[in-house]
Amino acid sequence: MVLTAEKDDQWEVVDIESGLDGASSVVDRQDSLFREAVRGGHHSAGAGHYEQDSWWRTLRLAFQCVGILYGDVGTSPLYVYSTTFDHGVGHPDDILGVLSLIIYSFMLFTVIKIVFVALHANDDGDGGTFALYSLISRHAKVSLIPNHQAEDELVSSYGKQGKPSATMRRANWLKHLLETSKAAKISLFLLTILAIAMVISDAVLTPPISVLSAVSGLKEKVPGLTTDQIVWITVAILVVLFAIQRFGTDKVGYSFAPIIMLWLLLIGGVGLYNLIKYDVGVLRSFNPKYIIDYFRRNKKEGWVSLGDILLVFTGTEALFANLGYFSIKSIQLSFSFGLLPSIFLTYIGQAAYLRRHPEHFADTFYRSVPSPLFWPTFILAIAASIIGSQAMISCAFATVSHLQTLSCFPRVRILHTSKRFHGQLYVPEVNLLLCVAACLVTVSFKTTTIIGKAHEICVILVMIITTLLMTIVMLLVWKISIWWIALFFFIFIPIESIYLSSVLYKFIHGPYVPVAMSVVLMVVMIVWHYVHAKRYKYELKHTLSPNKAKELLEHHDLKRVPGVGLFYTELVQGIPPIFPHLIEKIPTIHSVLIFVSIKHLHVPHVDASERFLFRQVEPKEYKVFRCVARYGYRDSVDQEAEGFVLALVESLQYYIRDVNLYTVDEIQSISYPISRDHSLSREKPSGRHGIYAEEMITPIQSFSELTTLSNGVSNRLPQFQASKMNIAELAKIEEEQKFIQRETEKGVVYILGESEVVARPQSSLLKKIVVNYIYSFLRKNFMQGEKMLSIPHGKLLKVGISYEI
């Protein structure tokens, strides 16, 4: 198709299909495993994009990730043997059996499953349970809130792909099941928030067990120290640890790597020394026969001890979740040649020492350290335990941030502590709660044995849920052979279930603590999400129809005042019912009125050029617009209000230009690539560009909706209509843009809807308790919307309304 475009004050002929070549890549993208394979698996640290393969850069990232990712895993040797042999060593070969279990469990779950499989199931470089859920959500509409828009799939990071027919049929079957079954959606949602709750509970337990086990080494040099004194020293260190969170890991993060590297070299060297000095024969534990012998000898006690072996894997969820700051190759390299040999040497060396001194089962780690190295080891143990705790605390902050994008958590202030490394967060309220909970756990349990048993259930439940979500990703996203998927599922699920049964058997001896914490967290998440979804559906059902909106705007009593009004609403479809309530109380609106919706997509980041999506409400002369501001779950929303307005107004002016440059006939002649679920409508548009609630849930129907395509595609499209427009029409467009700018300069007022939600009188007692009491309590005791959006208090207008749901 040949069209005319303006260039250097002359008109030339171009082909619109070539202008769309760049846009076609929007939907022809590779994801997850295949994106990693094509791009070399290099994710820029903290930058959210891939770079050209560079061994120097990979080595640099490999060194840096040692400090951020391996602190928790690297401090597990402090307490694994003391927790496993809490009643003593029954038979000398039991040490070989436990060591064999440690070696093969670590290889299976951490090395194979996480480092060499799960890391590839990343969401454009981001890992963790939430990233898996986000990845699934992009390939199947599993959200319980009906705010999906076809245009969301045109965002550049929302890529999808096609695969061969057999795998595609399975993927489509699973997609259909997830989208049509409410039970499947709810189950997937509950699994995700359960894993998230366990990760937050893990962030409560990791600091006490790591720091307490490190501090307990003082007893070797100061025998007079009591257990209570050890506990209070630990509490003091924990308070300092949580107090420095406000400064952010960026200030000290890259000093972590040398400390953890020294720690790994030290414990690996000590392990090698113990192996040579005490019993080289423990290397026989690489023979899995000793596992069979261990269970044959110990029977039920051997099965029960399986839960204690899980402590070897603590920190793997943080390793997976923090993938976004590094690259897959860098993690695999540092893990294989740094952490793995050091950890194995440490466990092997302790086993060799225990073979000679089985009576020292309670404090194996420090007893096995040569006397001249005690104080360097003790100092590094304290430092490493603090760094390992830091990783889990940071993971908890990121998790809370992700929960807010799912509308599953009350509003809390999320501070970005680093301008250089995006995603380093600090949440004051959560930090305080974690600190109090960690100190209470330390004071209550006093020993690492009980805390360790409590820790086990967090580890195993997150492992099982990761396996389940990974299986869905393999079917829905990777679309690989069913035999590989079956192999993965039927290896890990049965083995992990055995470990889970062992943990549940000891439920009343510790695991009940994180379960109780997780239940409280899940109640908060479920209540908040349930009421939010109900309120959204209520507002969607009661949106103004086009005729009602037109009648309201044309009412003779309605006055216009200078300036721009930004009316914040959660609806991405239509005009909210709170708007006529405002007009009824104050029959006045601004010269330019924009309904703004803040929407989080299931992608890590949304480029600034794709941030805003506009539509105009009829009649056009009233200058009323709808705007959806789209963010990824790692994007910061708490930018300054002034900067947000400038970006919004600039995008609005582009929209005004584009919406007037193209005619309906020319819109019909364009074939634009879109997602596999939607295509351009071939029906004759009505000629207007205002899209209302009932239209916004259908496929794209006007060319103006393409004005927010990735990488500024709309700005590169040939402005073929401009050649047919006369000077007066072009001047009209320019005047409309200037009008928007003038009104912006006159002032901006932020209008925030505050909807009080109550249960209907005929609702059940449970629903009344959930809505009228629990949700109301959470809403009143957490941050208000204007603080979350950084709205200046002097320019804020609140509008209150009550909804019965």
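Fair warning: this is a prediction, and the values are worked out from it, not measured in the lab.

**Side note on the overall build of the protein chain**
Working step 1: Each helix and strand in the protein chain was counted, giving 32 helices and ten strands.
Working step 2: Looking at the 805 residues of the protein chain, the share that counts as buried comes to 59%.
Working step 3: Here the protein chain has roughly 32000 Å² of accessible surface; of this, 62% comes from carbon and sulfur atoms.

**Let's talk about the side chain of Ser213**
Working step 1: Its location among the elements puts Ser213 in helix H10 (residues 182–215).
Working step 2: Excluding residues within four positions of it along the chain, Ser213 makes contact with Leu78, Tyr79, Pro208, Tyr366 and Thr448.

**A word on a positive patch on the surface**
Working step 1: Residues Lys182, Lys534, Lys537, Lys541 and Arg760 make up a contiguous surface patch of positive charge.
Working step 2: The biggest single contributor to the positive patch is helix H24 (residues 512–541), with three residues.
Working step 3: Following the sequence through the fold, Lys537 ends up in helix H24.
Working step 4: Judged by its relative accessible area of 41%, Lys537 is partly exposed.

**Considering helix H14 (residues 289–298)**
Working step 1: All of the buried residues in H14 are Tyr290, Ile291, Asp293, Tyr294 and Asn298. Down the axis of H14, the buried set is contained in an arc of 165 degrees. They therefore lie on one face. The exposed residues of H14 that point more than 90 degrees off its buried face are Ile292 and Arg296.
Working step 2: Taken together, the buried residues of H14 touch helix H7 (92–115) and helix H15 (300–304).
Working step 3: Two residues or fewer after H14 comes Lys299, characterised by a positive phi angle close to 50 degrees.

**Thoughts on the pairing of strand S5 (residues 559–568)**
The two faces of the sheet receive side chains in turn, since in a regular strand these alternate between them.
Working step 1: As paired strands, S5 and strand S6 (residues 588–600) are joined by eight bridges and run parallel to one another. Looking at S6, one finds that Leu566 is bridged to Ile594.

**Some thoughts on the packing of aromatic side chains**
Working step 1: Evaluation of the coordinates by the stated rule reveals 32 aromatic pairs.
Working step 2: Each ring, one from Trp263 and one from Phe365, has its centre 5.7 Å from the other, and the planes form 35 degrees; the classification is tilted. Of this pair, Trp263 sits in helix H13 (residues 256–278) while Phe365 is found in helix H19 (residues 364–367), placing the two residues 102 residues apart along the sequence.
Working step 3: With 6.1 Å between their ring centres and 80 degrees between their planes, Phe567 and Phe579 make a pair best called edge-to-face. Of this pair, Phe567 sits in strand S5 while Phe579 sits in helix H26 (residues 578–585); the two residues are twelve residues apart in sequence, bridging distant segments of the chain. Note on accessibility: Phe567 and Phe579 belong to one class, buried.
Working step 4: The structure contains a cluster of three or more aromatic residues connected by ring pairs, namely Trp263, Phe365, Tyr366, Phe374, Trp375 and Phe378.
Working step 5: Cation over ring: Lys289 sits above Tyr290, and NZ or CZ is 4.7 Å from the ring centre.
Working step 6: Sitting over the ring of Phe739, Lys623 keeps its end group 5.5 Å from the ring centre.

**Side note on the pattern of salt bridges**
Working step 1: The final tally for this structure, using the stated rule, is 18 salt bridges.
Working step 2: Across the pair Arg355 and Asp93 runs a salt bridge whose closest N-O atoms are separated by 3.1 Å. With Arg355 in helix H18 (residues 328–356) and Asp93 in helix H7, this pair connects stretches of sequence that are 262 residues apart.
Working step 3: Of the residues examined, Arg355 reaches a relative accessible area of 25% and is grouped as partly exposed.

**Considering the nonpolar core**
Working step 1: In this structure, Tyr70 and Leu434 are the most contacted members of the largest nonpolar core, which totals 180 residues.
Working step 2: The element that contributes the greatest number of residues to this core is helix H22 (residues 448–478), accounting for 20 residues.

**Here's the deal with the pairing of S6**
Working step 1: Here S6 lies mainly inside the structure; ten of its 13 residues are buried.
Working step 2: With eight bridges joining them, S6 and strand S8 (residues 624–631) adopt parallel strand pairing. Across the sheet, Ile594 pairs through a bridge with Phe625, a residue of S8.

**Examining unusual backbone geometry**
Working step 1: At Lys446, a position not held by glycine, the phi torsion is positive, near 70 degrees.
Working step 2: For Lys446, the location among the structural elements is in the loop between helix H21 (428–445) and H22.
Working step 3: If you check the backbone angles, Lys479 has positive phi at about 55 degrees while not being a glycine.
Working step 4: Assignment of secondary structure puts Lys479 in the loop between H22 and helix H23 (482–505).

**A look at helix H12 (residues 227–243)**
Working step 1: Under the 1.5 Å per step criterion, the end-to-end length of H12 is 24 Å for 17 residues, consistent within 8% with the ideal 24 Å.
Working step 2: Along H12, the residues classified as buried are Ile230, Val231, Thr234, Val235, Leu238, Leu241 and Phe242. One side of H12 holds all its buried residues, which, seen down the axis, span an arc of 140 degrees. Facing away from the buried side of H12, by more than 90 degrees, are the exposed residues Trp232 and Val240.
Working step 3: The inward-facing, buried residues of H12 contact H10, helix H11 (218–221), helix H20 (374–405) and H21.

**Focus: the sheet that holds strand S10 (residues 796–804)**
Working step 1: Pairing is mixed in the open sheet, where six strands are placed in the order S7-S8-S6-S5-S9-S10. Taken across any chain shown, the strands that pair with only one partner, and hence form the sheet edges, are strand S7 (612–617) and S10. Taking each pair of neighbouring strands and ignoring which way they run, the sheet shows an average axis angle of 25 degrees.
Working step 2: With respect to the sheet, helix H30 (residues 727–746) is in contact with S5, S6, S7, S8 and strand S9 (748–758), its orientation differing from that of S5 by roughly 85 degrees.

**A look at the packing of H10 against H22**
Working step 1: Here H10 crosses H22 at 150 degrees, and the two axes come no closer than 8 Å. When the axes of H10 and H22 are compared, the crossing they make is left-handed.
Working step 2: Taken together, the residues of the contact of H10 with H22 sort by class into 20 nonpolar, seven polar and one charged.

Scoring rules and cut-offs
Residues numbered from 1 in each chain as written. Predicted model: local features only at pLDDT ≥ 70, side-chain atom pairs only at ≥ 80, totals over all residues. Heavy atoms only, no water. Helix = DSSP H or I, 4+ residues; strand = E, 2+ residues; numbered from the N terminus. Buried < 20%, exposed > 50% of the residue type's maximum accessible area, 1.4 Å probe, protein only. Areas by Shrake-Rupley, 256 points an atom, 1.4 Å probe, with all protein chains shown as cover. Contact = heavy atoms within 4.5 Å. Patch = residues over 30% accessible without salt bridge, like charges linked within 9 Å, V, L, I, M, F, W, Y side chains within 5 Å. Salt bridge = Lys/Arg side-chain N within 4 Å of Asp/Glu carboxyl O. Lys, Arg positive; Asp, Glu negative; His and termini not counted. Charge placed at Lys NZ, Arg CZ, Asp CG, Glu CD. Arc of directions from axis to C-beta. Pairing = 2+ DSSP bridges. Phe/Tyr/Trp six-rings, centres within 6.5 Å; stacked < 30°, edge-to-face > 60°. Lys NZ or Arg CZ within 6 Å of the ring centre and 35° of its normal. Core = buried A, V, L, I, M, F, W, Y, C linked by side-chain atoms within 4.5 Å. Expected span 1.5 Å × (residues − 1). Axes fitted to C-alpha atoms, helices over the stretch in contact; angles between N-to-C directions. Left-handed = near helix turned anticlockwise from the far one by under 90°. Nonpolar A, V, L, I, M, F, W, Y, C, P; charged D, E, K, R; others polar.

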